[in-house]
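These are the residues of each chain, in order.
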Amino acid sequence: MAIECLVLGAGQEVGKSCVVVTINGKRIMFDCGMHMRYTDLRQYPDFSLISDSGDFTSSLSCVIITHFHLDHIGALPYFTQVLGYDGPIYMTYPTKALAPLALEDYRKQTERRGEKEQFTAEHIADCMKKVTAVDLKQTIHVDKDLQIQAYYAGHVLGAAMFYAKVGDAALVYTGDYNMVPDRLLGAAQIDRLQLDLVISESTYATTYRDSKYVQEREFLKAVHKCVASGGKVLIPTNALGRAQELCMLLDDYWERTNLKVPIYFSSGSTIQANLYHRILINWTSQKVKDTHARHNAFDFKNVKSFDRSLINAPGPCVLFASPGMLGGGFSLEVLKQWAPYEENLVMLPGSCSTGTVGSKLMSAKIPTQIKLDENVKIDVRCQIYKLAFSAHTDAKGIMDLVKFLSPKHVLLVHGEKPKMAALKEKIQSELGIECCYPANNETVTIPSTHHIEAGVSDAFLQSCLAPNFKFWKTNVGSDERTPPLLQVYDDRVSQGILTLQNPRVISQNELRDVLGLENHLVKFDHCCSAAYDSEISNAASDWLPSTSQRNSLLQLLFGIVSRDFPDCIMHDCQKGIQVGSFVASMCSREECPSGNADALHFRCTWSATDEELAWKVISLVKNVKLSSASLDSFRVLMDF
Amino acid sequence: MSALISQTCLSEDSNEEKRGNGLIYAEPRYRTVTRLLSWNVSFIDVVLITSPNGMLGLPFLTRKKGFTAKVYATKAASRIGQLMMEDLVYMHKEFRQFYGPESDEPIWMKWDRLEMLPLELKKTVFGADGTDFGCWMPLYSAADVKACMLKVKSLNYAEEICYNGIVIAKPLPSGLEIGSCNWRINGPRGNIAYISNFSSLNALEQVGNDEDRSGLANYLSNSSSADVNSETRSALLSTDEYLEEIDKLDFICSCSMDSIKAGGSILIPTGRLGIILQLLERFELHLTSENMKVPIFVISSVAEELMTFTSIIPEWLGQQCQDRLYSEKPSLFTHTEMLKDGRLYLFPAIHSVELLKIWQEPCIVFCPHWSLRLGPVTHLLRRWRGDQNSLLVIEEGVDANLVLLPFKPIAMKVLQCSFLSGMQLKKSLLLMKILQPKHVLFPEIFRRCVDTLKVSLSSSFYQENETLHIPHTEDSSRLHIDMDLARQIKYTKFEEQNVDISRLKGKLTVEHGRYKAVR
Ligand SMILES: [Zn+2]
Ligand SMILES: [Zn+2]
Ligand SMILES: [Zn+2]
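All values reported here derive from a predicted model rather than from experimental measurement.

Participant: I'd like to hear about the coordination of the zinc ion (ligand 2), residue by residue, with values.
Facilitator: Residues and elements named next belong to chain A. Distances from the zinc ion (ligand 2) to its protein donors, namely Asp71 (OD), His72 (NE2), Asp176 (OD) and His414 (NE2), fall within the range 2.1 to 2.3 Å. Because the angles between the four donor atoms bound to the zinc ion (ligand 2) fall within 87 to 164°, the donor set is best described as irregular. Every donor residue of the zinc ion (ligand 2) comes from the same chain, spaced as D-H-x103-D-x237-H.

And the structure:
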């Protein structure tokens, strides 16, 4: 059996995440993203590789979306409404609530740019109706064999890693994740699972970062400095995620420092996104959750909505405007007005696509001029601040997660090729786990766990699960005077018999039933050791007990058992003691039928009718404590 | 097998002083499972909670010495349950502030007083077999509640917990209240479904979907449920009951409208969050359509917490509320809007200064406690009992005569109304048809119905304080032998018996409900 991974996107690059995994006959699509660099069909994964006929509904068991970023969900409306996939789609509640906003925001932007739109507002709405929302840790049975489960990923609100299992084969697809908590979100959280494969993002495959709290402080300091000297702060962001995170930081800071400078949101969809965040507060960090009863962190106290007339109003302010990369729209419009003044500040997002104004500003030396088109140039004299925030885990986080999950294989996606190569080396050498990072449209096959199933007898389970403690002494060092160290270990190696016909595992003692050697009376047979204390067990290893020693040991047992079972009798020839059909006699390593390695122990037999009684007596037998004191009594008896 | 207790319920008796009406006048005492006192609680391994109401007696259990069991509840149930317990403790505190503290042995519990009790009350006090008297306990303290909540592990719907490696339990939505659930328990030698309710009709609470149910079925019986015809399935999911429920709520609303028009106020003493939320929705519709402006008050020490909590839990709600989350103006309940524009007010207590400032009649008041012995309801009832235009809505199941006794004579209108609170037998039989269990335990009160319906089910009946032994449904446990180990298997043939056997030597692990043999 094997797991087959077809990487349709985010193979050795960041963008259009999409991996189709075939696992024990089930086929799952993880993420259905879009590449932001292209505007034609190249922005989508090559879906034709899934099915020649184009019948996606029957060739996939389900589609799973990890979070609302367009590089993970952007192609979904196209896949369902244009290509006609009609099977189950899973995502978390927040993703289901926020994804339409993100998609609609993007659609409007392309519309504004006058590009041909790939899907309509109606497509988005109809697509979202097909989505099943899931909660974290909820076990979802997609069908009889396929089970999935979402885990907290801490990347954006509602981001999840997904676990999928078919039979014994299991994998985790991480999506984007963050291993350290920040103001808005907690850190990724997952159970220790038995995994054949982990498919992990690797955006920062070789980067090691400081704590985010430091970066948050820096950001606040920069904003405060600007508004304190009367400047205006422009924060170009998309409607979702980053805007709420930064605004939460600012609103909280404003409260603490009693600042009265207005904070504005330009876009209606940002304000709507705030409403969603307020309802979905259970998906945020512990701190935000804990304080929400007093004050919901998304109920921003200092935030007002913006109108155009305020662009040139006097006095300091902070403005959130979309789009994030200054590719056009309102944020660019404001930039034109504010950039020429030294006291103003522009907060650039962590990364900007090449060709956008954002990326030009990123590399510019201030003061400078930026060319928008043939006729328009902007004088840039304002301060530029690059947000170093990232919601992705760094290399340490990836290593930590992989080490924690200890899968048999790791597959890297969502990263840059050379860095992925370095991380692969690290995972293989440091963790000893196989690792690969296929390119787009490549298929990788990974072996998966398999098992055979058999029935199992209670006696076998009991014999395996009851602790089987062994003791031995070791001498530490050569110094004779130091007392030997007593070591105890639980030697629970299971030994049983597997039958081929009607596969079943039984204990050695049950074998004769299967073979029908004593057909007339089903008899059980069990060898159990008494609890030796350290000294005697040490002696026991090469101890050949005499007959009288055997007898006195049996007497000791008789004394103990007859206390609880008054009808217990001792056989004349001192062969054993008996309660009902239960008989305990002495057995030794040499003669033991079931291979018990203790020099001297008890062999118990009983017929099926006395099963319950037998185990009660056996528990007593096991408690016969053989101490050096009882050994002394042997000696006394012997001398006698 | 682990000892499992499901639900610690609280049965309460309300007592008022003898005023010629045979009532006891004292701080209410409580009685929980009679056997609780004689149990060795250290033998309990797991406690499973099915609803917020089902955990009101939990602190009595968890505070017992030697209690070490794991307690599991859904996140929503444990939060709401905690708030309900805190509210109850608060009401008792208020009661004592009002009437003074009580001695360890209240006067009514002295033997000569007990002798004088009327027959009905004696029955309650001593129980049917006369052994219950010692079980009457004063309410637990706030500290007990706090300690109890620390022992509760809360889960999402369909989140699995694994006890001891081998028993797996999973709460599935039951549709009765927010956070209420049925439990599916899987063990190596059989699977159990504990069904406290199965309701497909509630718009507000999340309802078990088809997949969950078939999940239940498979595990309960290991038989295919594919042959269940779709008719049975759709009958189970019929919306008739839902419409009936809405009719009932609308009836309460229209009675209320009439009372308000005549200048009366509406008093609804209930602690059931689901009912309050549904009624708020209906009231909003009725008031808007009649163009009436009447303030609605929810008065309880935890009103604010409850309403805040309900506005952030889309995962725990039914389709109707979830659809609102995905709409243009996301909000789960109308009450968020109503609070904002001053149609709904939340107050911790009746004597809040703020409340007195804006108080206006007629109005609609939701407040605890259904027993009419504790909380704001006692004050409001005294205020309005003489007003024939005012309306009191109480739940069916309480003895109206008894609860109203201290307030007589009463001119106020009383509407007793049954809210849906569980599954009807007919429906549960239908459910059994789908689940096809090997054995069913019904409560004793169902015995005659089940007998007369001649259901072809292996069933037995349970009653309080009785232990039932149910045989294993599986003949033996299953073992997964890892391929690495399986490859080493070499069979030897025993010609005479025609059996092939092989020695199997490895390590046995117990993980997530499964025995595994590995190399
Ligand atoms: Zn992302
Ligand atoms: Zn991404
Ligand atoms: Zn032996």
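Participant: Outline the pattern of salt bridges, supporting the account with residue identities and numerical values.
Facilitator: Throughout the structure, instances matching the rule amount to 35 salt bridges over all chains. Glu216(A) serves as the salt-bridge partner of Arg183(A), at 3.8 Å between the closest nitrogen and oxygen. One end of the pair, Arg183(A), is in the loop between strand S10 (169-173) and strand S11 (197-201); the other, Glu216(A), is in helix H6 (residues 212-228), and 33 residues separate them in sequence. According to the relative accessible area criterion, Arg183(A) is partly exposed, its value standing at 22%. Judged by relative accessible area, which is 2%, Glu216(A) ranks as buried. Between Glu284(B) and Arg343(B) there is a salt bridge, with the nearest N and O atoms lying 2.8 Å from each other. Placement of the pair is Glu284(B) in helix H9 (residues 273-289) and Arg343(B) in the loop between helix H12 (334-340) and strand S13 (344-347), with a sequence separation of 59 residues. By relative accessible area, which is 15% here, Glu284(B) ends up buried. One connected set of salt bridges, linked through shared partners, spans Arg183(A), Glu216(A), Asp252(A) and Arg256(A).

Participant: I'd like a description of the packing of H9(B) against helix H10 (residues 303-310) of chain B, backed by residues and values.
Facilitator: Residues and elements named next belong to chain B. Orientation of H9 relative to H10, taken along the N-to-C sense of each, is 75°, at an axis distance of 12 Å. Viewed along their axes, H9 and H10 adopt a mutual orientation that is roughly perpendicular. Within the contact between the two elements, H9 uses Leu273, Ile276, Leu277 and Leu280 and H10 uses Leu306, Met307 and Thr310. Broken down by class, the residue content of the contact of H9 with H10 amounts to six nonpolar, one polar and no charged.

Participant: An account of the domain arrangement of chain B is needed here, citing residue identities and associated values.
Facilitator: Residues and elements named next belong to chain B. If you check the domain split of chain B, you get domain 1 (2-194), domain 2 (241-417) and domain 3 (479-518). Placing a centre on the C-alpha atoms of domain 1 and another on those of domain 2 gives a separation of 26 Å. Carbon and sulfur atoms supply 70% of the area buried between domain 1 and domain 2, which totals about 2,500 Å² over both sides. Among the residues domain 1 hides against domain 2, the three largest losses belong to Leu83, Met91 and Ile178. Together they make up 21% of the total. In this structure, the connection of domain 1 to domain 2 is made through zero salt bridges. For the interface between domain 1 and domain 2, the tally reads three residue pairs in polar contact (both at pLDDT 80 or more). The element best represented in the side of domain 1 that touches domain 2 is helix H2 (residues 75-99), accounting for 15 residues. Here the residues of the side of domain 1 that touches domain 2 sort into 16 nonpolar, seven polar and seven charged.

Participant: Would you mind going over the coordination of the zinc ion (ligand 1) in detail, with residue names and values included?
Facilitator: All names here are of chain A. Coordination of the zinc ion (ligand 1) by the protein comes from His67 (NE2), His69 (ND1), His155 (NE2) and Asp176 (OD), over a distance range of 2.1 to 2.3 Å. With four donor atoms in place around the zinc ion (ligand 1) and angles of 92 to 166° between them, the coordination shape is irregular. Expressed as a motif, the donor residue spacing for the zinc ion (ligand 1) is H-x1-H-x85-H-x20-D. Taken as an interatomic distance, the gap from the zinc ion (ligand 1) to the zinc ion (ligand 2) is 3.3 Å; aspartate 176 donates to each of them.

Definitions and limits used
- Residues numbered from 1 in each chain as written.
- Chains lettered and ligands numbered in written order.
- Predicted model: local features only at pLDDT ≥ 70, side-chain atom pairs only at ≥ 80, totals over all residues.
- Heavy atoms only, no water.
- Donors = N, O, S within 2.8 Å, 3.2 Å for Na, K, Ca; no water.
- Tetrahedral: all angles 85-135°; square planar, octahedral: opposite > 155°, others 65-115°.
- Salt bridge = Lys/Arg side-chain N within 4 Å of Asp/Glu carboxyl O.
- Helix = DSSP H or I, 4+ residues; strand = E, 2+ residues; numbered from the N terminus.
- Buried < 20%, exposed > 50% of the residue type's maximum accessible area, 1.4 Å probe, protein only.
- Axes fitted to C-alpha atoms, helices over the stretch in contact; angles between N-to-C directions.
- Parallel < 35°, antiparallel > 145°, perpendicular 65-115°, else oblique.
- Contact = heavy atoms within 4.5 Å.
- Nonpolar A, V, L, I, M, F, W, Y, C, P; charged D, E, K, R; others polar.
- Domains from an automatic or database assignment.
- Buried area = accessible area lost by both parts, 1.4 Å probe.
- Polar contact = N/O pair within 3.5 Å; in protein donor to acceptor, adjacent residues only side chain to side chain.

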